[in-house]
Amino acid sequence: MLTISREMLSDALPELSSSRIKSLSTYDLICQTNLLVYPSAGVPVYTPFGQRVFDKMSQVIHSSAQRHGLSKLSLPVLQAAQLFERSGRYEDFGDGIYRTHNNSYILSPTSEEQIISFLSKRIRSYRSLPLHLYQIKPLFRNNQAHGVTRNKEFITFESYSFHINKENLIADFKLYDDLFKSILDTFKIDYFKHNKYEESHYIDYLFETENGEYNVPKSKPQLDQQCDLNSTVRASSICMGMIVKPSISETFRLRVDTAHSGLQSLHVGTFGLGLLRAITAIVEQKRDEYGLRLPPCLQPYAAVFIPESIKHAVHYNEFLSFALNRGDIVVDNRKCDRVYKIRYAFFIGVERVIYITCSNGVLTYHVVYRSGESEEFSNLTSLNTAL
């Protein structure tokens, strides 16, 4: 049986007044709802509750990626440092990467070298192209930790696009443009697109945030560190796409037989979406006086159930069996009153709360909604339909 204490890995009872919730920063709200917990700076723990949300984020991304014709793979998190030495980027990263004690391996800061090296030994013919691969995996960079948007370990959707010529690769940016829009629209994120250097082959979607990395003019969304600060907003990137330097393909001999022109190096595009940045945008933009507000696709539970004393234990057990079979109803059996439990459910982003009353032998299932409305149901069938 799912319980609040087990899902949050905590029995804490935070103050839930509207004034206090309003005073919380986005980072503090994320941590105090146990969506993410940071035992050390920049290194998050995903509680069972938080993992449910991020699993649902991944499901949205997987579904959209596959609708757009991408194929999923999984690369190792541990990479040979030699790959980055060959590409010339080992020194570029400097102290920004985590190395093993003998410097033979590194924790992946990105995967261009790895995927290009791997495919150079497997792709031989132009008939394998175009090729679109993706994964959702943790990456590691020795960043100066800042909130949730800059972590030392972070989950990223990475995708790589392989083409026989640059023209086909640039045309392929439209596919990723549509893919990113599909994902961000499903997440209900308010975003805007910036084409860096006014090039068609650079994708950068940003969201407005007080802790953003860039100054973005309000009237024309282009990055400009020299613009008038009085006419700008702060913004952070949420997903990006660019062309990989051709020299990397050439270094690793990523070539195919074109039949007419002999061996030819492939042109590669790299695309990414940060899941922690996405959740930051969602929380910052959708939060309300109750706390977290998550889009329907990311709802971790259908409802919170508040168990209370009723005369007929058999009916109570019947409901618990019903909840267990659904797998998306969490029980709040902590020692606090119903009003607090309802507020707590809304605080963590759940939209419905269920409790049961019994009068003259008649059982009633009550559902309280975040909107303030409520409904009553006389049986589990009608309740199940409402959920």
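Above this text is the structure in question.
Owing to the predicted nature of the structure, the values given are computational and were not obtained by experimental measurement.

**Q** Where do I start with the packing of aromatic side chains in this structure?
**A** Summed over the entire model, instances satisfying the criterion amount to 15 aromatic pairs. Each ring, one from Tyr-134 and one from Phe-157, has its centre 5.7 Å from the other, and the planes form 45°; the classification is tilted. Linking Tyr-134 in strand E6 (residues 131–140) with Phe-157 in strand E7 (residues 153–163), this pair joins segments that are 23 residues apart in sequence. For the pair Tyr-134 and Phe-157, one class covers both residues: buried. With centroids separated by 3.6 Å and ring planes inclined at 5°, the aromatic side chains of Tyr-176 and Phe-271 adopt a geometry described as stacked. With Tyr-176 in helix H8 (residues 166–186) and Phe-271 in strand E14 (residues 267–274), this residue pair connects regions lying 95 residues apart in the sequence. Across the pair, Phe-271 and Tyr-176 agree in class, each one buried. A connected cluster of aromatic rings, assembled from ring pairs, spans Phe-305, Phe-319, Phe-322 and Tyr-365.

**Q** Hey, could you run me through unusual backbone geometry in this one?
**A** Peptide bonds are mostly trans, and most non-glycine residues show a negative phi. Residue Leu-129 is joined to Pro-130 through a cis peptide bond whose omega torsion reads -5°. Tracing the backbone through its elements, the reader meets Pro-130 in the loop between helix H7 (112–120) and E6. Residue Leu-9 is not a glycine yet carries a positive backbone phi of 55°. As for its position among the elements, Leu-9 is in the loop between helix H1 (4–8) and helix H2 (18–23). Residue class for Leu-9 comes out exposed when judged on its relative accessible area of 60%. One non-glycine residue with positive phi stands out, namely Arg-253, at about 55°. Relative to the assigned elements, Arg-253 resides in the loop between helix H9 (246–251) and strand E12 (255–257). Judged by relative accessible area, Arg-253 falls into the exposed class, the value being 55%.

**Q** Explain the pairing of E7 here, please?
**A** Successive side chains on a regular strand alternate, one facing one side of the sheet and the next facing the other. Burial within E7 is extensive, with 10 of its 11 residues counted as buried. Pairing analysis gives 10 bridges linking E6 to E7, with the strands arranged antiparallel. Note that in E7 the partner of Ile-136 across the bridge is Phe-157. Of the strand pairs in this sheet, E7 and E14 are connected by 8 bridges, and their pairing is antiparallel. When the bridges of E14 are listed, Ser-159 appears paired with Phe-271.

**Q** What should I look at first to understand the environment of Thr-385 in this one?
**A** With respect to the helices, strands and loops of the structure, Thr-385 is situated in helix H13 (residues 380–386). Linking Thr-385 and Ser-261, residues 124 residues apart in sequence, is a C-alpha distance of 62 Å.

**Q** Please explain the sheet that holds strand E17 (residues 352–359) as it appears in this structure.
**A** Consider a sheet: its strands pair through backbone hydrogen bonds, and that pairing is either parallel or antiparallel. Spatially, E16-E15-E17-E18-E19 is the arrangement adopted by the 5 strands of the open sheet, whose pairing is mixed. The open sheet has two edge strands with one neighbour each: strand E16 (329–331) and strand E19 (374–377). Strand-to-strand twist across the sheet, computed as the mean angle between neighbouring axes with direction ignored, equals 30°. Summarising the sheet, strand E15 (residues 303–306) and E16 pair through 3 bridges and their orientation is parallel.

**Q** Is there a simple way to think about the side chain of Thr-258 in this case?
**A** Turning to its location among the elements, Thr-258 is positioned in the loop between E12 and strand E13 (263–265). Here the side chain of Thr-258 touches Gly-262 through a polar contact of 2.8 Å, landing on its backbone oxygen. If we ignore the near neighbours within four places in the chain, the residues touching Thr-258 are Tyr-126, Ile-164 and Gln-264.

**Q** Help me understand the pattern of salt bridges in this model?
**A** When their charged atoms lie close together, side chains carrying opposite charge are able to pair. With the rule as written, the count across this model stands at 13 salt bridges. Between Lys-174 and Asp-178 there is a salt bridge, and its shortest N-O distance comes to 2.8 Å. In this pair, Lys-174 and Asp-178 are both assigned in helix H8, 4 residues apart and thus about one turn of the helix distant. Of the residues examined, Lys-174 reaches a relative accessible area of 49% and is grouped as partly exposed. The salt bridge involving Asp-332 is made with Arg-334; its shortest N-O contact spans 2.9 Å. One exposure class covers both Asp-332 and Arg-334, and it is buried. Members of the salt-bridge network, linked through shared partners, are Asp-288, Arg-293, Glu-351 and Arg-370.

**Q** Would you take a moment to explain the packing of helix H4 (residues 48–67) against H8 for this structure?
**A** In a pair of packed helices, the angle between the axes and the distance between the axes together describe the arrangement. The contact between H4 and H8 brings their axes to 10 Å, and the two run at 150°. It follows that H4 is roughly antiparallel to H8 by the angle criterion. Of the two possible hands of crossing, H4 and H8 adopt the one that is right-handed. Together, Val-60, Ile-61, Ser-64, Ala-65 and Arg-67 of H4 and Leu-179, Ser-182, Ile-183 and Thr-186 of H8 make up the contact between the two elements.

Calculation criteria
Residues numbered from 1 in each chain as written. Predicted model: local features only at pLDDT ≥ 70, side-chain atom pairs only at ≥ 80, totals over all residues. Heavy atoms only, no water. Phe/Tyr/Trp six-rings, centres within 6.5 Å; stacked < 30°, edge-to-face > 60°. Helix = DSSP H or I, 4+ residues; strand = E, 2+ residues; numbered from the N terminus. Buried < 20%, exposed > 50% of the residue type's maximum accessible area, 1.4 Å probe, protein only. Pairing = 2+ DSSP bridges. Axes fitted to C-alpha atoms, helices over the stretch in contact; angles between N-to-C directions. Polar contact = N/O pair within 3.5 Å; in protein donor to acceptor, adjacent residues only side chain to side chain. Contact = heavy atoms within 4.5 Å. Salt bridge = Lys/Arg side-chain N within 4 Å of Asp/Glu carboxyl O. Parallel < 35°, antiparallel > 145°, perpendicular 65-115°, else oblique. Left-handed = near helix turned anticlockwise from the far one by under 90°.

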